[in-house]
Amino acid sequence: MAIIKIRPSTRNLMAQQIIADLDAGAGPSLLKFYTGAMPSDPTIALGAQVLLGTLTCSEPSSTATNGVITFADIAQDNAADATGTATWCRHLSSDGSAVIDYDVTDHAGGGAITLSNTAIEIGGKIRMDSLTITVGGA
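Residues numbered from 1 in each chain as written. Predicted model: local features only at pLDDT ≥ 70, side-chain atom pairs only at ≥ 80, totals over all residues. Heavy atoms only, no water.

Caption draft 1: Structural view of the nonpolar core. Membership of the largest hydrophobic core comes to 27 residues, with the highest contact counts inside it found for Leu 31, Phe 33, Tyr 102, Ile 113 and Met 128. Put simply, the parts of the chain that give this core at least two residues each are α1 (8-22), β1 (30-34), β2 (51-57), β4 (68-71), β8 (98-106) and β9 (113-115). When residues no more than four places from it in sequence are discounted, the contact partners of Ile 113 are Phe 33, Cys 89, Tyr 102, Asp 103, Val 104, Thr 105, Met 128 and Leu 131. (Core = buried A, V, L, I, M, F, W, Y, C linked by side-chain atoms within 4.5 Å. Buried < 20%, exposed > 50% of the residue type's maximum accessible area, 1.4 Å probe, protein only. Helix = DSSP H or I, 4+ residues; strand = E, 2+ residues; numbered from the N terminus. Contact = heavy atoms within 4.5 Å.)

Caption draft 2: Inspection of the pairing of strand β7 (residues 88-92) at higher detail. Most of β7 sits inside the fold, with five of its five residues counted as buried. What you see with β7 is no split at all: Trp 88, Arg 90 and Leu 92 on one side and Cys 89 and His 91 on the other are buried throughout. Pairing analysis gives five bridges linking β1 to β7, with the strands arranged antiparallel. Paired with Tyr 34 across the bridge in β7 is Trp 88. Direction of pairing for β7 relative to β8: antiparallel, over a ladder of five bridges. Bridging from a neighbouring strand, Trp 88 pairs with Asp 103 of β8. (Pairing = 2+ DSSP bridges.)

Caption draft 3: Structural detail: the layout of surface pockets. Here the largest pocket is characterised by a volume of approximately 260 Å³. Along the walls of the largest pocket sit 16 residues, with Thr 114, Leu 115, Arg 127, Met 128 and Asp 129 positioned nearest its centre. Among the residues forming the lining of the largest pocket, the class breakdown is seven nonpolar, six polar and three charged. (1 Å grid on protein atoms, 1.4 Å probe; cavity = no way out; pocket = protein on both sides within 12 Å on 5 of 7 lines; lining within 4 Å. Points joined across faces, edges and corners; volume = space filled by probe spheres on them. Nonpolar A, V, L, I, M, F, W, Y, C, P; charged D, E, K, R; others polar.)

Caption draft 4: Inspection of the packing of aromatic side chains at higher detail. For the coordinates displayed, the defined rule picks out one aromatic pair. Ring geometry for Tyr 34 and Trp 88: centres 4.8 Å apart, planes at 20°, overall stacked. In this pair, Tyr 34 is assigned in strand β1 and Trp 88 in strand β7, connecting sequence segments 54 residues apart. For the residue pair Tyr 34 and Trp 88, the accessibility class agrees, reading buried in each case. (Phe/Tyr/Trp six-rings, centres within 6.5 Å; stacked < 30°, edge-to-face > 60°.)

Caption draft 5: Structural view of the sheet that holds strand β3 (residues 62-65). Reading across from one edge, β3-β4-β11 is the order of the three strands in this open sheet, with antiparallel pairing throughout. Two strands close off the open sheet at either side, each with one partner strand: β3 and β11 (132-134). Pairs of neighbouring strands in the sheet enclose a mean axial angle of 15°, with direction left out of account. Where α1 meets the sheet, its contacts fall on β3 and β4, and the angle it forms with β3 comes to roughly 170°. (Axes fitted to C-alpha atoms, helices over the stretch in contact; angles between N-to-C directions.)

Caption draft 6: Examining α1 more closely. With 15 residues, α1 ought to run about 21 Å at 1.5 Å a step, and its terminal C-alpha atoms sit 21 Å apart, in line with that. Among all positions in α1, only Arg 11, Ala 15, Ile 19 and Leu 22 are buried. One side of α1 holds all its buried residues, which, seen down the axis, span an arc of 80°. (Expected span 1.5 Å × (residues − 1). Arc of directions from axis to C-beta.)

Caption draft 7: Layout of the sheet that holds strand β5 (residues 74-75). Reading across from one edge, β5-β2-β1-β7-β8-β9 is the order of the six strands in this open sheet, with mixed pairing throughout. Edge strands, defined here as strands with exactly one partner in the open sheet, are β5 and β9. Pairing of β1 with β2, which is carried by five bridges, proceeds in the antiparallel orientation. The residue of β2 that forms the bridge with Tyr 34 is Leu 51.

Encoded structure:
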């Protein structure tokens, strides 16, 4: 296994750029949960994936310390748009640009985002307790 160590100041600059991308524009960034296969990167348009629901981040969305991005409060979706299994999530900036895609699993699955239950019911709630991103090389 390869080992890469990046100095903390560089990791923090990388984290600050991610935050700047998420907070670009007016308004909060959004977490949109989908069914189906996650595209190969956030610039790839959606296909047959179904939007299950949207969570709204605080504004500003987060802070960074030593390359670890910690998100402030994230508002739950009180009425999911569709029924299905959440398999991935796209994080959109406040100007609507796709910035990050995350895999989604239940707590046992070890995904980048974990939900207590990935089975979403139309009209039901989608909630997550917290979100952190650690920039690589820590």
